[in-house]
Amino acid sequence: LRTVEMHTGGEPLRIVPRLEAAEAAAARGLSLLSLRREMAATHDRVRRALVHEPRGHAGMYGAVVVRGGAAADGAHLAALFLHGAGYSAMCGHAVLALGRFALDYGLVPAPRRPEAAVRLRCPCGPVTAFVPWDGHRSGNPVRFHSVPAFAAATDLAIEVPGHGRVVVDIGYGGTFYAFVSAEQLGLDVCSSKTGDLVNAASAVTEAVKKQFKLRHPESEDLAFLYGTILTDGKDAFSEEPTTNLCVFADEQVDRSPTGSGVTARIALQYHKGLIQLNQSRTFRSSTTGSLFTGKAVQATKFGEYNAVIVEVSGEAFYTGTATFTVEEEDPLKYGFFFK
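Residues numbered from 1 in each chain as written. Predicted model: local features only at pLDDT ≥ 70, side-chain atom pairs only at ≥ 80, totals over all residues. Heavy atoms only, no water.

By the naming in an unreviewed UniProt entry, the protein goes by trans-L-3-hydroxyproline dehydratase and is assigned to Corythaeola cristata. In its Catalytic activity (unreviewed entry) section, the UniProt entry covering the protein states "trans-3-hydroxy-L-proline = 1-pyrroline-2-carboxylate + H2O". For the record of the protein, the UniProt heading Subunit (unreviewed entry) holds the text "Homodimer." (UniProt positions renumbered as here; feature names shortened; annotations may be inferred.)

What follows is the structure, given as structure tokens:
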């Protein structure tokens with residue numbers, strides 16, 4: 001298994017440039033959501049081998065590139081997103097990195113200078129990355145335009161075991177997140193112990209899943225809560241960065257400010273009238289201090305929801321390439337998960 005290694009704001013991305021099983025399935029006419037289901041059912045060993053230990057770690061993240069076929073559907077490439085517990089529907093930090101990868105590895109014919117558009121298809125829908133390009137090499141910062149993002153619920157009262165009544169917002173930025181100020185949980189997103197933040201965020205996630213039913217305008221496959229993002233509560237517009245921490249999947253902690261989380265948080269702030277179109281905000285990761293910027297660039301409708309297209313910008317960097325070996329007689333060849 002050959003990979004290209006990158007990170008965006010500290011969050012890793014292990015890219016699989018080609019996977020025959022995925023491209024064969026796409027050539028049969030499978031949509032990307034169907035391909036996501038098939039990979040989970042029949043080829044999950046690839047995810048486990050690359051994301052779990054000993055080749056990966058509890059915070060590892062990956063992407064399988066799919067070229068052509070129904071999955072790509074007119075885009076330069078499609079991507080399946082891999083994490084410790086399964087497969088995501090959207091990943092902003094991965095899109096920022098894949099934009100650079102697509103240019104540097106020749107997936108975009110005749111890219112334009114000084115900025116090239118890279119069309120990607122994600123399980124949640126099409127997104128476009130805009131990447132600096134000098135004719136030989138990609139650069140930073142990279143930005144992308146999201147799928148329609150919207151507020152699914154605001155000021156929702158949830159009973160969280162150990163914390164009592166907590167008021168959360170739920171936003172969609174390609175996947176659904178619950179948002180809550182850490183202060184409501186007796187914590188500080190900037191200074192509390194990471195373990196305490198993770199435990200509290202996970203308790204919120206489980207409580208929301210039990211007490212609120214999500215609806216997606218197009219697909220039941222996308223109607224799931226991906227995680228909880230704890231914030232510093234600074235939702236009103238400011239020139240100063242606002243800090244957050246994303247805990248997703250099975251208590252996995254995002255090292256970046258979270259691209260799809262920034263998308264959903266911008267949608268919520270726009271819905272509440274806290275920001276206007278084209279008003280940029282800066283978001284800081286409480287884990288690494290890395291920064292993304294985000295702004296709502298267009299109002300639109302998405303099913304029954306008033307939605308916005310969000311632009312997210314950040315920096316992605318290469319860290320290396322790798323060739324991973326799987327020996328048939330290895331009892332741990334498909335990895336193990338240790339927390």
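Participant: In this structure, what is going on with the overall build of the protein? I would like to understand it.
Facilitator: Within the protein, the secondary structure is distributed over seven helices and 18 strands. For the protein, the C-alpha radius of gyration of 19 Å lies close to 20 Å, the compact-globule estimate for 339 residues. The C-alpha extent of the protein, read off along each of the three principal axes, is 50 × 50 × 35 Å. The 339 residues of the protein split such that 55% are buried. Counting contacts in the protein only where the partners sit at least 6 residues apart, residues at least 24 apart contribute 65% of the total. (Helix = DSSP H or I, 4+ residues; strand = E, 2+ residues; numbered from the N terminus. Rg over C-alpha atoms; globule rule 2.2 N^0.38 Å. Buried < 20%, exposed > 50% of the residue type's maximum accessible area, 1.4 Å probe, protein only. Contact = heavy atoms within 4.5 Å.)

Participant: I keep staring at the environment of Lys 213 and nothing clicks. Help me out?
Facilitator: Looking at the element boundaries, Lys 213 is found in the loop between helix H6 (194-211) and strand S12 (225-231). Residues Lys 213 and Val 108 lie 105 residues apart in sequence; the distance between their C-alpha atoms is 40 Å.

Participant: What is the right way to read the domain arrangement of the protein from this model?
Facilitator: Size of an interface, as often reported, equals the accessible area lost when the parts are brought together. Split by domain assignment, the protein resolves into domain 1 (2-141 + 318-323) and domain 2 (148-314). On the side of domain 2, 25 residues touch domain 1, which itself brings 24 residues to the contact. Buried surface at the junction of domain 1 and domain 2, both sides included, amounts to about 1700 Å², of which 57% is carbon and sulfur. For the domain 1 face of the interface with domain 2, the top three residues by lost area are Gly 9, Glu 11 and Leu 96, together amounting to 24%. Applying the counting criterion to the domain 1 and domain 2 interface returns one salt bridge. A salt bridge links Arg 37 to Asp 221; its shortest N-O distance comes to 2.1 Å. Contributions of two or more residues to the side of domain 1 that touches domain 2 are made by helix H2 (32-42) and helix H5 (92-104). Class assignment for the residues of the side of domain 1 that touches domain 2 results in 11 nonpolar, 10 polar and three charged. (Domains from an automatic or database assignment. Buried area = accessible area lost by both parts, 1.4 Å probe. Salt bridge = Lys/Arg side-chain N within 4 Å of Asp/Glu carboxyl O. Nonpolar A, V, L, I, M, F, W, Y, C, P; charged D, E, K, R; others polar.)

Participant: How do you make sense of the pattern of salt bridges when you look at a structure like this?
Facilitator: A side chain with one charge may pair with a side chain of the opposite charge, provided their charged atoms come close. Evaluated as defined, the whole model comprises 16 salt bridges. Among the salt bridges present, the one from Asp 73 reaches Arg 121, with a minimum N-O distance of 3.5 Å. Placement of Asp 73 in the loop between helix H4 (69-72) and strand S4 (77-83) and of Arg 121 in strand S6 (residues 115-122) is noted, with a sequence separation of 48 residues between them. Salt-bridge contacts for Arg 143 lead to Glu 311; the nearest nitrogen and oxygen are separated by 2.8 Å. Taken together, the positions of Arg 143 in strand S8 (residues 142-145) and Glu 311 in strand S17 (residues 305-314) put the pair 168 residues apart, joining distant regions of the chain.

Participant: Would you take a moment to explain helix H7 (residues 259-271) for this structure?
Facilitator: The periodicity of an α-helix, 3.6 residues per turn, causes residues three or four positions apart to be oriented the same way. A rise of 1.5 Å per residue sets the reference length of H7, with its 13 residues, at 18 Å; its end C-alpha atoms lie 18 Å apart and thus fit the reference within 8%. Burial analysis of H7 places 11 of its 13 residues in the buried class, the great majority of the element. Regarding H7, the residues found buried are Gly 259, Ser 260, Gly 261, Val 262, Thr 263, Ala 264, Arg 265, Ile 266, Ala 267, Leu 268 and Gln 269. Positive backbone phi, approximately 75 degrees, marks Gly 273, located one or two places after H7. (Expected span 1.5 Å × (residues − 1).)

Participant: Just to check I follow, could you spell out the packing of aromatic side chains for this structure?
Facilitator: The description of an aromatic ring pair rests on the distance of the ring centres and on the angle between the ring planes. Applying the stated rule across the entire model yields 11 aromatic pairs. Ring plane angle 50 degrees and centroid distance 4.7 Å describe the contact between Tyr 172 and Phe 176, whose orientation is recorded as tilted. For Tyr 172, a relative accessible area of 1% puts it in the buried group. Given the relative accessible area of 0%, Phe 176 is considered buried. Relative to Phe 248, the ring of Tyr 226 lies with its centre 5.2 Å away and its plane at 45 degrees, an arrangement referred to as tilted. (Phe/Tyr/Trp six-rings, centres within 6.5 Å; stacked < 30°, edge-to-face > 60°.)

Participant: Would you mind going over H6 with me for this structure?
Facilitator: If you check H6, its first and last C-alpha atoms are 26 Å apart, about what 18 residues at 1.5 Å a residue would give, namely 26 Å. Every buried residue belonging to H6 is among Leu 197, Val 198, Ala 200, Ala 201, Ser 202, Val 204, Thr 205, Ala 207 and Val 208, and all of these are buried.

Participant: Where do I start with the pairing of S6 in this structure?
Facilitator: Remember that side chains alternate between the two faces of the sheet whenever the strand is regular. In the sheet, S4 pairs with S6 via two bridges, with the strands oriented parallel. Following the sheet pairing, Leu 77 is matched in S6 by Leu 120. Between S6 and strand S7 (residues 125-132), which pair antiparallel in sequence order, lie two residues. (Pairing = 2+ DSSP bridges.)

Participant: When you look at the pairing of S4 in this model, what are you seeing that I'm missing?
Facilitator: Of all seven residues in S4, seven are buried, a share of seventy percent or more. In this sheet, strand S5 (residues 86-88) lies alongside S4 in antiparallel orientation, the contact comprising three bridges. Of the residues in S5, the one forming a bridge with Leu 82 is Tyr 87. The antiparallel hairpin formed by S4 and S5 contains two residues in its connecting segment.

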